[in-house]
Amino acid sequence: MQPSSPPAADGVWTDLNLATMSAAHEQPYAPVRDAALLVRGGRIEWLGPRASMPHGAQVGLPHYRAGGRWATPGLIDCHTHLVYAGSRAQEFEMRLGGASYEEIARRGGGIVAMVEATRKADEHGLYAQSLRQVRRLLEEGVTTIEIKSGYGLDLDTECKMLRVARTLGVGHGVDVKTTFLGAHALPAEFKGRADDYIGFVCREVLPAVAREGLADAVDVFCERIGITAGQTERVFESARALGLPVKLHAEQLSDCGGAALAARFSALSADHLEYVPEAGVKAMAAARTVAVLLPGAFYFLRETRKPPVALFRKHRLPIALATDSNPGSSPATSLLLMLNMGCTLFGLTPEEALAGVTRNAAAALGIADETGTLEVGKCADFVLWDIERPGELAYGIGANPCHQVVKGGAPMPSRAPGRAD
Ligand code: NIG
Ligand code: FE
């Protein structure tokens, strides 16, 4: 199955305000009021105040009037596990009854409980159920999604999950970046032989995934109920040998030294980070590793230890936000809700939250040259919102002010209001 190729349309949008989210701008949200946005071949050719649009630049282009709305870059969900079969609703009830996420995992529930159903699922069924999750994200203005494997834990199922993820990026107006997460948990057949499983992942699974071009990055769940730091390092060495960038689930439930390890491998991101110490934050800052915060998991697991946002700010770490959409720790399909939670639970500002699902989320996926801000040369992925000001995106709970999504310059049909002329 082929990787997605974005549509490449032309057009000029006027009667709108832009929250460009460009880093090279002093003002919050890097705004342009009463703007014009010119798109050719799916890329932004020009943007600025409408009054300074070069004379004749729009001749021959379809013209869309945006009714005075705000436009932001298309949203990016940079951390999901949304391809899986089965459910963990029962585990939720167990946790509400007092069992912890860690206890359930140690008793053979949790991640490994998904493996049997995911191994059995046929590709078509897996695709159909994952598409339902993707559609919910798209309705809220998401134009790029990262999807991880990690519920197969064998060669065939890990490849199947990644193929399904790649296919989800075809024909739905969304780009999918795939991440191999074979080192997510220990499958039953390797019980008591964790090092052997990591050897199998490094020698057989990862090289096959790389050969078939199924993964854009490699991730590991480095945790005391997951993969040790030493084993993580082995996976990262293999990824490096294959030329694949790495990311890490780090310091979610305890400090295992994951953030510093990720930084040593110039990881694109380290994710969760509730227990990261300042040394880890400093190492990440030096490596430009993005801090991806996952308030859905923090909320759903009823955690109390928050990621140290003040330290991230002090060391000027780029902060991203994502749904972590998965059946166990964050059954979430609303990225806008994560903006709200990022502010209410972690103390981000609405502007930091929006940067977290645009500019910094793009950096967390290594695609900051292509998307994440509204700037000349980048993909024309943007969203028109029914809001008075950009900060409102983090305000609503369960609200969806998305008016229309434009992907590669093409208005997406589901929300298309029709051309003005
Ligand atoms: O990011 N913690 C590891 N991975 C996921 C949870 C996956 C699961 O519980 O199924 C996370 O929270
Ligand atoms: Fe995760």
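Residues numbered from 1 in each chain as written. Chains lettered and ligands numbered in written order. Predicted model: local features only at pLDDT ≥ 70, side-chain atom pairs only at ≥ 80, totals over all residues. Heavy atoms only, no water.

*Asks:* So what exactly am I meant to see when it comes to the sheet that holds strand β3 (residues 43-49) here?
*Replies:* Remark on secondary structure: sheet strands pair via backbone hydrogen bonds, oriented parallel or antiparallel. The sheet built from 7 strands is open, its strands ordered β3-β2-β1-β4-β13-β14-β15 with mixed pairing. With one partner strand each, in any of the chains shown, β3 and β15 (410-411) form the two edges of the open sheet. Sheet topology places strand β13 (residues 382-385) next to strand β14 (residues 402-407); 4 bridges connect them, and they run antiparallel. Directly across from F382, in β14, lies its bridge partner V406. (Pairing = 2+ DSSP bridges. Helix = DSSP H or I, 4+ residues; strand = E, 2+ residues; numbered from the N terminus.)

*Asks:* Can you help me understand the coordination of the iron ion (ligand 2) in this one?
*Replies:* Distances from the iron ion (ligand 2) to its protein donors, namely H79 (NE2), H81 (NE2), H249 (NE2) and D324 (OD), fall within the range 2.0 to 2.4 Å. Written as a sequence motif, the donor residues of the iron ion (ligand 2) are H-x1-H-x167-H-x74-D. On the criterion of sequence distance, the pair formed by H81 in the loop between β5 (75-77) and α1 (89-96) and H249 in strand β9 (residues 247-250) is long-range, its members being 168 residues apart. (Donors = N, O, S within 2.8 Å, 3.2 Å for Na, K, Ca; no water.)

*Asks:* Which parts of the structure should I look at to understand empty space enclosed by the protein?
*Replies:* It is a probe the size of a water molecule, rolled over the atoms, that shows where empty space is left. In this structure the tally under the stated criterion is 2 cavities of 30 Å³ or more. The calculated volume of the largest cavity comes to roughly 90 Å³. Along the lines of polarity and charge, the residues of the lining of the largest cavity split into 4 nonpolar, 7 polar and 2 charged. In this structure, the second largest cavity encloses a volume near 50 Å³. Lining the second largest cavity, in full, are E146, K177, T178, T179, D216, A217, K247, L268, A364 and L365. Broken down by element, the residue count for the lining of the second largest cavity peaks at 3 residues, all from strand β7 (residues 175-183). Residues belonging to the lining of the second largest cavity are distributed by class as follows: 4 nonpolar, 2 polar and 4 charged. (1 Å grid on protein atoms, 1.4 Å probe; cavity = no way out; pocket = protein on both sides within 12 Å on 5 of 7 lines; lining within 4 Å. Points joined across faces, edges and corners; volume = space filled by probe spheres on them. Nonpolar A, V, L, I, M, F, W, Y, C, P; charged D, E, K, R; others polar.)

*Asks:* Help me understand the packing of aromatic side chains, please; the structure alone is not making it clear to me.
*Replies:* Inspection of the entire model under this criterion finds 9 aromatic pairs. Considering the side-chain rings of F92 and F300, the 4.8 Å spacing of their centres and the 15 degrees angle between planes classify their relative orientation as stacked. In this pair, F92 is assigned in helix α1 and F300 in helix α10 (residues 295-300), connecting sequence segments 208 residues apart. You can call F300 buried: its relative accessible area is 16%. Among the aromatic residues, ring-to-ring pairing joins W13, Y64 and F382 into one connected group. (Phe/Tyr/Trp six-rings, centres within 6.5 Å; stacked < 30°, edge-to-face > 60°. Buried < 20%, exposed > 50% of the residue type's maximum accessible area, 1.4 Å probe, protein only.)

*Asks:* Help me out: how do you make sense of helix α12 (residues 335-344) in this one?
*Replies:* Structural remark: α-helix, 3.6 residues per turn; residues separated by three or four positions point the same way. With 8 of its 10 residues buried, α12 lies for the most part within the structure. Taking the backbone nitrogen of L337 as reference, a side-chain oxygen 3.0 Å away marks S334 as the first, capping residue of α12. (Polar contact = N/O pair within 3.5 Å; in protein donor to acceptor, adjacent residues only side chain to side chain.)

*Asks:* Explain the pattern of salt bridges here, please?
*Replies:* Side-chain pairs of opposite charge can arise whenever the charged atoms involved come near each other. For the structure shown, the criterion picks out 21 salt bridges. We note a salt bridge from R119 to D154, for which the minimum N-O separation is 3.2 Å. A residue pair is termed long-range when its members are at least 10 positions apart, and R119 in helix α3 (residues 115-120) and D154 in the loop between β6 (142-148) and α5 (155-168) qualify at 35 residues. Measuring nitrogen to oxygen at the nearest pair gives 2.8 Å for the salt bridge that ties R119 to E189. In this pair, R119 is assigned in helix α3 and E189 in the loop between β7 and α6 (194-211), connecting sequence segments 70 residues apart. Three or more residues are tied together by salt bridges with common partners; here these are E102, R106 and R224. (Salt bridge = Lys/Arg side-chain N within 4 Å of Asp/Glu carboxyl O.)

*Asks:* Even after reading the chapter, I still don't get the site of ligand 1, so can you show me in this structure?
*Replies:* Contacts to ligand 1 come from 15 residues, most closely from R88, Y101, Y151, D324 and S329. Contact between ligand 1 and Y101: an oxygen atom at 2.5 Å from a side-chain N or O atom of the residue. In the environment of ligand 1, an oxygen atom lies 2.9 Å from a nitrogen or oxygen atom belonging to the side chain of H272. Coverage of ligand 1 by the protein chains reaches 100% of its 320 Å² of free accessible surface. Placement of ligand 1 is best described as lying within the largest cavity. Considering only residue class, the shell around ligand 1 consists of 4 nonpolar, 9 polar and 2 charged. (Near = heavy atom within 4 Å. Areas by Shrake-Rupley, 256 points an atom, 1.4 Å probe, with all protein chains shown as cover. Sits in = over half its atoms within 2 Å of the grid points.)

*Asks:* What is the right way to read the layout of surface pockets from this model?
*Replies:* Roughly 650 Å³ of volume is contained in the largest pocket. Lining the largest pocket are 24 residues; nearest its centre among them are L317, P318, I319, R359 and N360. Those elements that provide at least two residues to the lining of the largest pocket are α11 (309-314), α13 (350-356) and α14 (359-364). Residues belonging to the lining of the largest pocket are distributed by class as follows: 13 nonpolar, 4 polar and 7 charged. The space that makes up the second largest pocket amounts to roughly 420 Å³. Considering the residues around the second largest pocket, the lining is formed by 21 residues, among which A105, R106, V112, L186 and I225 are closest to the centre. Along the lines of polarity and charge, the residues of the lining of the second largest pocket split into 10 nonpolar, 7 polar and 4 charged.

*Asks:* Could you clarify how one ought to interpret the confidence of the model for the protein chain in this entry?
*Replies:* Low-confidence regions, as indicated by low pLDDT, have predicted coordinates that should not be scrutinised in detail. Per-residue confidence for the protein chain gives a mean pLDDT of 95, with 96% of residues at or over 70. A low-confidence stretch, residues 1-6 (pLDDT under 50), is modelled with 12 contacts involving residues beyond four sequence positions or located in other chains. (pLDDT = per-residue confidence, 0-100. Contact = heavy atoms within 4.5 Å.)

*Asks:* I tried to follow the environment of A297 on my own but got confused; where do I start?
*Replies:* Position of A297 among the secondary structure elements: in helix α10. C-alpha separation for the pair A297 and H172, spaced 125 residues apart in sequence, amounts to 27 Å. Those residues in contact with A297, other than ones at most four positions away along the chain, are Q252, H272, D324, S329 and S330.

*Asks:* What is the right way to read the sheet that holds strand β10 (residues 269-272) from this model?
*Replies:* The strand order across the open sheet built from 4 strands is β9-β10-β11-β12, with neighbouring strands paired in parallel fashion. Of all strands in the sheet, those with a lone pairing partner are β9 and β12 (319-321), marking the two edges. Between one strand axis and the next, the sheet turns by 25 degrees as a mean value, whatever way the strands run. Two elements, β10 and strand β11 (residues 290-293), share 3 bridges in a ladder whose sense is parallel. Bridged to D271 within β11 is V292. (Axes fitted to C-alpha atoms, helices over the stretch in contact; angles between N-to-C directions.)

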